[in-house]
Amino acid sequence: MTLCASCARYTASRLLRSGARQGHHPFEQRALDVAVIGAPNAGKSLLTNQLIKAAVSAVSSKMDTTTSNNEAIITEDDVQLVVIDSPGTVGLKHAREFAGRKYQEQILSDPEAAITKAQHVLVVQDATQTGDYIHHRVLHMLHRNEHIPSSLVFNKVDLVSDRSELLELTRILTNGQVAGEKIKVASNTIGRLGNTFDKLKLHAIDTKNDDPEWMAKYRRTIAKPTHICPYKETKHLFMDIRGWSNFSAVFFASALTGEGIQPLRNHLKTLAEKREWRMDPSAVTTKRPQDICAESVRGALLDVLPSDLAYNLQPKVSEWNQDGEVLQIVVDIPCKTERIAKLIIGKSGGSRIIEIGQRVNDHLATLFQRQLFVRILVKHQGKIVNFSPSR
């Protein structure tokens with residue numbers, strides 16, 4: 001295996017970003033650590049990429065693309081935002097079946113670990129989902145960490161045909177109040193929705209503070225870290241609870257189109273505190289570039305293969321050679337059987353593996369800002385498997 005150590009160190013710490021500010025005195029610097037949490041497939045990774053203006057998190061149409069926390073960084077206007085992209089909130093059974101043993105512990109514990117490192121929490125809600133509630137695992141983490149300020153972000157608003165419906169959903173998921181005040185919507189435009197609403201009746205949701213039995217169960221459940229608290233227990237506790245009363249702000253955005261991202265980024269900048277940056281101002285992630293590459297391949301595999309097959313594949317970078325401004329990468333995809341290998345490669349001259357390679361190449365070329373050649377090798381028992389139309 002050939003890995004250029006100097007290239008790895010350089011790329012990991014200095015994925016160059018145009019416009020990054022350097023050379024400032026400590027008293028001029030402000031920073032904020034932000035945790036991004038939410039239900040599976042809410043679009044947290046793509047939202048993170050949009051916020052920092054770099055595609056450091058792998059994305060796909062399937063849940064569990066992100067299996068561990070990923071720190072992403074943007075430094076501009078004398079502010080450094082460290083955005084921690086976390087896995088979707090799932091239970092132990094799901095983690096075992098889909099994430100696999102390698103990722104089981106991280107996918108369960110990392111969302112709350114991200115919160116404990118943050119000064120602000122973004123709860124990402126899929127605006128297209130049918131339920132009118134915040135995921136019970138997310139609510140559990142919010143209640144356990146209520147001292148940390150949070151904002152609600154409705155994502156995928158570009159897919160909502162009638163955006164006026166989001167106002168009532170906002171009322172439910174915030175228990176009718178934001179920043180400690182009742183939502184006021186009379187003759188007012190909400191965010192960038194472009195709709196005006198009048199005379200909306202708002203009612204706070206009963207939090208059951210007057211029910212001693214429920215409160216005793218609440219205290220017992222909240223005392224447990226989320227990742228070791230049974231999935232059924234949090235689901236039952238928050239069965240009749242829809243929202244969170246302590247959001248300081250609500251945003252409407254589309255991580256796909258970029259709508260609403262700038263106002264959200266600007267808001268986070270206003271929350272930044274005066275302190276020295278803990279990251280290099282030109283860095284965009286703390287993750288090793290080889291890991292970014294392997295996760296990009298995994299994201300592409302999740303999009304083009306059946307879930308039960310894709311989740312069990314573990315791409316691995318075997319070569320990483322830099323010659324001037326040209327970076328050559330080889331990624332191996334080990335397969336348990338030759339049949340699986342040929343399924344990955346695809347028919348028509350290996351069309352599927354070509355599609356995966358092109359997608360990864362486009363992703364990394366944008367991120368690393370240099371000429372790339374990405375080659376993907378599908379292997380069985382250590383040997384390369386090639387497509388053969390006669391077999």
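Just above, that's the structure.
First things first, this report covers the structure right here in the doc. (Residues numbered from 1 in each chain as written. Predicted model: local features only at pLDDT ≥ 70, side-chain atom pairs only at ≥ 80, totals over all residues. Heavy atoms only, no water.)

**Quick notes on the overall build of the protein chain**
The condition is simple: Here a helix means four or more residues in a row that DSSP labels H or I, a strand means two or more in a row labelled E, and each is numbered from the N terminus. Residue contacts follow a heavy-atom distance rule, with two residues in contact if any of their heavy atoms lie within 4.5 Å.
When you go through the protein chain residue by residue, the secondary structure sums to 13 helices and 16 strands. Counting contacts in the protein chain only where the partners sit at least 6 residues apart, residues at least 24 apart contribute 74% of the total.

**Looking at the pattern of salt bridges**
Selection criterion: For this document, the term salt bridge refers to a Lys or Arg side-chain nitrogen within 4 Å of an Asp or Glu carboxyl oxygen. Note on classification: 1.4 Å probe, protein chains only; a residue is buried when its accessible area is under 20% of the maximum for its type, exposed when over 50%, partly exposed between these limits.
Tallied over the full model, the rule gives 16 salt bridges. Of the charged contacts in the structure, one is a salt bridge between Arg288 and Asp291, with a shortest N-O distance of 3.1 Å. Here Asp291 falls in the partly exposed class, since its relative accessible area comes to 32%.

**Structural notes on the packing of helix 2 (residues 44-52) against helix 9 (residues 261-271)**
Short version of the rule: Inter-axis angles, ranging from 0 to 180 degrees, are taken between N-to-C directions of lines fitted to C-alpha atoms, where helices are fitted over the stretch in contact. Working definition: roughly parallel below 35 degrees, roughly antiparallel above 145 degrees, roughly perpendicular at 65 to 115 degrees, and oblique for all remaining angles. Amino acids outside the nonpolar list (Ala, Val, Leu, Ile, Met, Phe, Trp, Tyr, Cys, Pro) and the charged list (Asp, Glu, Lys, Arg) are all regarded as polar, and Gly is one of them.
The N-to-C vectors of helix 2 and helix 9 enclose an angle of 70°; their axes lie 9 Å apart at closest approach. It follows from the interaxial angle that helix 2 and helix 9 lie roughly perpendicular. Facing Leu47, Gln50 and Leu51 of helix 2, the residues of helix 9 in contact are Ile261, Leu264, Arg265 and Leu268. A breakdown of the residues in the contact of helix 2 with helix 9 according to their chemical character gives five nonpolar, one polar and one charged.

**A look at the nonpolar core**
To keep things clear, this is the line we draw: We define the nonpolar core as a collection of buried residues of types Ala, Val, Leu, Ile, Met, Phe, Trp, Tyr and Cys that are connected through side-chain atoms lying within 4.5 Å of one another.
The biggest cluster of nonpolar side chains holds 59 residues, and the ones touching the most others in it are Ile329, Ile333, Ile344 and Leu364. When residues no more than four places from it in sequence are discounted, the contact partners of Ile329 are Cys293, Val317, Glu319, Trp320, Leu364, Leu372, Phe373, Val374 and Arg375. By size, the runner-up hydrophobic cluster in this structure holds 36 residues, among which are Ile134, Val138, Leu173 and Phe238.

**Brief notes about the side chain of Lys269**
Quick reminder of the rule: Residues adjacent in sequence count toward polar contacts only when both atoms are side-chain atoms; beyond that, a polar contact is any pair of N or O atoms within 3.5 Å, and within protein one must be able to donate a hydrogen and the other to accept it.
Structurally, Lys269 can be placed in helix 9. Accessibility expressed as a relative area gives 8% for Lys269, which makes it buried. Within polar-contact distance, the side chain of Lys269 engages the side chain of Asp77 at 2.8 Å. Not counting residues up to four positions away in its chain, the partners in contact with Lys269 are Arg30, Glu76, Asp77, Val79 and Leu81.

**Topic: the packing of aromatic side chains**
Basically, it comes down to this: Pairing of aromatic rings covers Phe, Tyr and the six-membered ring of Trp, with a centre-to-centre limit of 6.5 Å; geometry is then stacked below 30 degrees between planes, edge-to-face above 60, and tilted otherwise.
Taken as a whole and judged by the stated rule, the model has three aromatic pairs. Measuring from centroid to centroid gives 5.4 Å for Phe154 and Phe252, while their planes differ by 5°, and the two rings are stacked. With Phe154 in strand 6 (residues 150-155) and Phe252 in strand 11 (residues 247-252), the pair connects residues that are 98 residues apart, well separated along the chain. Per residue, the accessibility class of Phe154 equals that of Phe252, and both read buried. Geometrically, the ring pair formed by Trp320 and Phe368 is edge-to-face, given 5.8 Å between the ring centres and 75° between the ring planes. Within this pair, whereas Trp320 is found in strand 13 (residues 316-323), its partner Phe368 is found in helix 13 (residues 347-368), the two being separated by 48 residues in sequence. Residue classification places Phe368 among the buried positions, given a relative accessible area of 5%.

**Focus: the packing of helix 5 (residues 136-144) against helix 7 (residues 212-222)**
Two numbers describe how helix 5 lies on helix 7: the axes approach to 10 Å, and their chain directions differ by 85°. Taken together, the axes of helix 5 and helix 7 lie roughly perpendicular to each other. The residues of helix 7 that touch helix 5, namely those facing His140, His143 and Arg144, are Tyr218, Thr221 and Ile222. When its residues are assigned to classes, the contact of helix 5 with helix 7 shows two nonpolar, three polar and one charged.

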